[in-house]
Amino acid sequence: MLTALEEGVKGGVWFALIDKVFAERNLRAAFQQVAKNDGATGVDGETVRAFERRLAEMIRRLSEALKAGTFSPQAIRRGHIPKPGTTETRPLGIPTVRDRVVQAAVVNVIEPIFERGFAEHSYGFRPGRGCKDALRRLSKLLEQGYVHVVDADLKGYFDSIPHGQLMARVKERIADGRVLRLIGDFLKADILDDMKRWTPEQGAPQGAVLSPLLSNIYLDPLDHLLARHGIEMVRYADDFVILCQTAEDAAKALELVKQWVSDNGLTLHPDKTQIVDSRTESFDFLGYTFQGREHWPRKKAVQKMRDTIRAKTVRQNGRSIQCVIADVNKTVRGWFAYFKHGTKPRLYRDQDGWIRMRLRSILRCRDHRLGRGRGRDHQLWPNAYFAKRGLYSLVAARAAAVQSLRR
């Protein structure tokens, strides 16, 4: 298969793939990928660890069922996670562990086939690519004068992909009927949502292992359409921006996208899709807000970080301040690893001050005083008090990162 990937196959269509899917070696590798992500339980309540305890038996049974053609996906448990900074929730599909393993095995086999043809400006859920690569590309285009931005939003993308058209695109490269049937069975797996069971007629559940690859396959023609028209685009899964040098070009690009989206059974969000002049207006992409030559963590990203820290710094908690700081540091370090490239120093200083206020409030409570940390609390527990106990400083971390870049 590796040789064929290098040299190509006749007609560009792959026929015999199911034997590679059900190979026990592939299924074991697929389980390791599932175990790394862990995740919640599906409708059967089985955890990743419970599956692992009888791994050899489960791998053998899955391999035999796939080989015999008797494997059938279980229902998908639907959960709802909050959208940061809003009262809305995002639906999340949670397959069982066994189904996640099989989906990962399918991805291992078919992803290299499609990956070779994906557009250069697509960054989401692709090997060796990520958010930071997309952000670097976006910043470079803005610096080159592509300042008129089509900020597009596909409404409920993962839940609205038409099955028929999606499978037609998969069939352009895959002709193995058993693999196609397996993918189709996963798309049509019942959804269990709040004790209601129903069969989806469209969509690829966000949270399923196969969905990111299928979502890229479906949007790939849009990527190449814009490339043929010489239009610059940066896409991460269903989140994308189009960058143009003039407002007229941006308007033409948006009309092109609107027509493609309509023809392919999707919908642009009417309130969230807009054209902005980034020199005077802001737009958000992958957690950052961009305007002019500046970019900084968007309000929702800051709020999400604060919500996490707020839960870790409840005033009436019984842990030592040293343990609280160690727990807070985990969140702040992870947040900064992604948001360290912001160009507004004050934002980092403000977050440092807010975190110390939360910690002072704990100490104030233990001193039998009500309210948040303020006033003379700054003298009782100065900034140096927290620095001595290892509190991670965003200001210091950013200064070090800037200095490193200058070197």
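Note that the structure is a prediction, hence the values are computed from the model and not measured.

Draft legend 1. Geometry of the pairing of strand β11 (residues 294-297). Note that strand β10 (residues 288-291) and β11 share four bridges and pair antiparallel. Bridge pairing in β11 places Q291 opposite E294. Taking the residues that link successive antiparallel strands as the turn, the β10-β11 hairpin has two residues, and the phi of G292 there is positive, at about 60°.

Draft legend 2. The pairing of strand β6 (residues 232-236), seen in detail. In terms of burial, β6 is a largely internal element, four of the five residues being buried. Bridge count between β6 and strand β7 (residues 239-244): five bridges; the pairing is antiparallel. Opposite M233, over in β7, you have I242 as the bridge partner. Where β6 folds back onto β7 in an antiparallel hairpin, the turn is made up of two residues, including A237, whose phi is positive at roughly 60°.

Draft legend 3. Representation of the pattern of salt bridges within the structure. Applying the stated criterion across every chain, the model contains 24 salt bridges. Here D19 and K20 are joined by a salt bridge, their closest N and O atoms 3.7 Å apart. Residues R60 and E64 are paired through a salt bridge, measuring 3.5 Å at the closest nitrogen-oxygen approach. Here E64 and R60 lie together in helix α5 (residues 55-68), a separation of four residues that amounts to about one turn. A relative accessible area of 44% places E64 in the partly exposed class. Through salt bridges with shared partners, one network takes in R364, D367, R369 and D377.

Draft legend 4. Region of the structure containing the packing of helix α3 (residues 24-37) against α5. One way to put it is that α3 packs onto α5 with a least axis distance of 10 Å and a crossing angle of 125°. In this view, α3 runs oblique relative to α5, as classed from their interaxial angle. The chirality of how α3 crosses α5 is right-handed. In this structure, α3 uses E24, L27, R28 and F31 to contact α5, whose residues at the interface are L55, I59, R60, L62, S63 and L66. Split into classes, the residues belonging to the contact of α3 with α5 amount to six nonpolar, one polar and three charged.

Procedures and definitions
- Residues numbered from 1 in each chain as written.
- Predicted model: local features only at pLDDT ≥ 70, side-chain atom pairs only at ≥ 80, totals over all residues.
- Heavy atoms only, no water.
- Pairing = 2+ DSSP bridges.
- Helix = DSSP H or I, 4+ residues; strand = E, 2+ residues; numbered from the N terminus.
- Buried < 20%, exposed > 50% of the residue type's maximum accessible area, 1.4 Å probe, protein only.
- Salt bridge = Lys/Arg side-chain N within 4 Å of Asp/Glu carboxyl O.
- Axes fitted to C-alpha atoms, helices over the stretch in contact; angles between N-to-C directions.
- Parallel < 35°, antiparallel > 145°, perpendicular 65-115°, else oblique.
- Left-handed = near helix turned anticlockwise from the far one by under 90°.
- Contact = heavy atoms within 4.5 Å.
- Nonpolar A, V, L, I, M, F, W, Y, C, P; charged D, E, K, R; others polar.

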